[in-house]
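Inside the fold
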Amino acid sequence: MAGRMNINADEKKVDRFLQRPRSRFKVPDYQRRYSWEEQQWEEFWNDLTSIVDTEQQHFLGSIVVIEREEQGMDLYELVDGQQRLATVSLLLRVIEEAYEEQEETGKAENVSANLRFSYDGEEYRRLALNQFDDDDYKHLLNGKWVLLEDRQNQLIDAYHFFSEKIEGHETSEIDEIRSTLLSSMSIVEITCEGELSAMRLFETLNNRGLDLSPVDLMKNHLIHVASEDDDIDVDIIKEYWTKILENLIAEITRLERFFQHYLMSSPIVDIDESISRNTLYRFFRDAIAEVRARGDITVEEYVEDMVRKSSLYASIANCDLDETDIDLYGPHIDEINAKLVDFEALSARSVRTPLMRALYEYDNKDDIMATIRMVETFITRRRIVGKASGTDENKAFSKVCSEAFLSSDPLEATERILSADTPSDSEFRSAMANESFANSDKTKYILDMMERHHFAPSTGKGMNRYNVDIEHVAPRNITADKYTNWVRYLSIDGETFEREYCDRLGNLTLLEDSPNARAQNDPFEQKKAEYENSAFEMTKELTRYDDWSVERIESRSDDLAELAVAIWSYQTVS
């Protein structure tokens, strides 16, 4: 439906913008949370303080609202501008508290008029945030810190930031800051009659350079489409979008990841390309257009599928699948969750694309685990060899979802697609034997996999590998006073050892508690006594060596690298 945008624009000082009779601003639940960070707070504060003494005017930007009515009051639904308006309100609350502490009651009441108003015997806040932030915002305004203990989010962090900025200022200085904020800073309020006008305006502003997240653009495009098409229920779309946020907001720091992985994994609209943050909006917009054109599924049904998958995605991200996510017995789910923890150790969030699809397609543990092990082989080999391109990984996983699950033998097709971009045995073996391994969860994962698959395959270990130590057989800093004997023992200078041998795989193992006793004349013999009592068979196995040397580190590195080739292998999965 084409037509003019029904809008009105009016520039107002902050004081006039906020202090109007019977008026409230409300952030709808389908909008994102308050997300400004220190860089934005600092820029806002610098803009404010730079004009305190200059009597200049500063334009804060535009705020887009839809005017509605609620219980006899004017309600302005914030389509764009909640970040700026929430920040202004938080600073005003900090200023109000500063006046209260200085017993400047009249000035505190003046500030309160910008934050609250009374109507029909009730007090109302001028700003209400969405359901994810509003309780914290309300408690901040009411000074109920006991209800905010142990909570941390951008809203509370912003409050602390401005509190530190105001702390120590004299009353006269605070007066200047308040006066400048309210009288020298202005906002252009753009009022729209309804969603359609608001979303058209939103897209126009974006096309002219407004810096918006892809998720913001996607949400507004979706509501724009729904508002323009009588066959789409815009209220249901808003409800579904809010549910997606409810499922993801507490667990996922980057909402766009879910939508990237969803679009690449979903069978509803087939996408066999890598989707980046920069291309996400384009792919989403094209997917919505395809759904509308096809007719075999409605836009509401497509977004409802996103709601279901967002719940599954949150469980994957938290490594906490349960029976509500997949129809498997508890021990099987525990095994899958353990693998999800491994992927986190590898910083391999891209694997969520094929895992979402596998958990949707397969109804038995063996097929799910086979897919997980193939993805694990693919990711581990690439990580160790140094091929950690997210674009290449996304492209491979998107292709798996687009092709493999539609073939007559999905597991065979998955292996074939992933093998094409998997480092060879020789590349992987060489990297394992010669690379340095940092003291990290990734290294613990590598060592523990060797323990479970080779040294103790029948028993494994009940302990959490991430609660044990990476033990360096020859210490990392052999030039330290307590390790002096190691320099003589190894017959190598400390700098060469630390550069070439210290963090090689052959010098590493897992240990419940690292021995830190002062090294004696035969330091390796002393460590063997500790290793004998270890619960790790890999560590106990070190006691069979009569001595320790750089040659021993090299040979053990080669041996462990050969084990790695067998462990992270598609043949092993088969």
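My aim in this report is to walk through the structure given alongside it, one point at a time. (Residues numbered from 1 in each chain as written. Predicted model: local features only at pLDDT ≥ 70, side-chain atom pairs only at ≥ 80, totals over all residues. Heavy atoms only, no water.)

As for the packing of aromatic side chains
To be explicit about the condition: Only centres within 6.5 Å qualify two rings of Phe, Tyr or Trp (six-membered ring in Trp) as a pair; their planes then separate them into stacked at under 30 degrees, edge-to-face at over 60, and tilted for everything else. What counts as a helix is a DSSP run of H or I of at least four residues, what counts as a strand is a run of E of at least two, and both are numbered from the N terminus. Throughout this description, buried means an accessible area under 20% of the type-specific maximum (1.4 Å probe, protein chains only), exposed means over 50%, and partly exposed covers the range between.
Tallied over the entire structure, the rule returns 20 aromatic pairs. Ring plane angle 45° and centroid distance 5.6 Å describe the contact between Trp41 and Phe161, whose orientation is recorded as tilted. Of this pair, Trp41 sits in helix α2 (residues 38-50) while Phe161 sits in helix α6 (residues 154-166), placing them 120 residues apart in sequence. The exposure class of Trp41 is buried, given its relative accessible area of 5%.

Some words on the pattern of salt bridges
Here the idea is simple: oppositely charged side chains can pair when their charged atoms come close. Quick reminder of the rule: Salt bridges are defined as contacts in which a side-chain nitrogen from Lys or Arg sits within 4 Å of a carboxyl oxygen from Asp or Glu.
Taken as a whole, this structure holds 47 salt bridges when the rule is applied. Taking the shortest distance from any N to any O, the salt bridge between Arg20 and Glu189 comes out at 2.9 Å. Of this pair, Arg20 sits in the loop between α1 (14-18) and β2 (23-26) while Glu189 sits in strand β8 (residues 185-192), and the two are 169 residues apart along the sequence. Judged by relative accessible area, Arg20 falls into the buried class, the value being 10%. A relative accessible area of 3% means that Glu189 is categorised as buried. In this structure, the salt-bridge partner of Glu393 is Arg382, at a minimum N-O distance of 4.0 Å. Taken together, the residues Glu393 in helix α17 (residues 390-403) and Arg382 in helix α16 (residues 365-385) connect sequence positions eleven residues apart. Owing to a relative accessible area of 2%, Glu393 belongs among the buried residues under this scheme.

A closer look at the state of the cysteines
Put simply, the rule is: Cysteine sulfur atoms that pair up within 2.5 Å are treated as a disulfide.
Evaluation of the coordinates by the stated rule reveals zero disulfides. A disulfide-free cysteine, Cys401 has its sulfur positioned 19 Å from the sulfur of Cys319, the nearest such atom.

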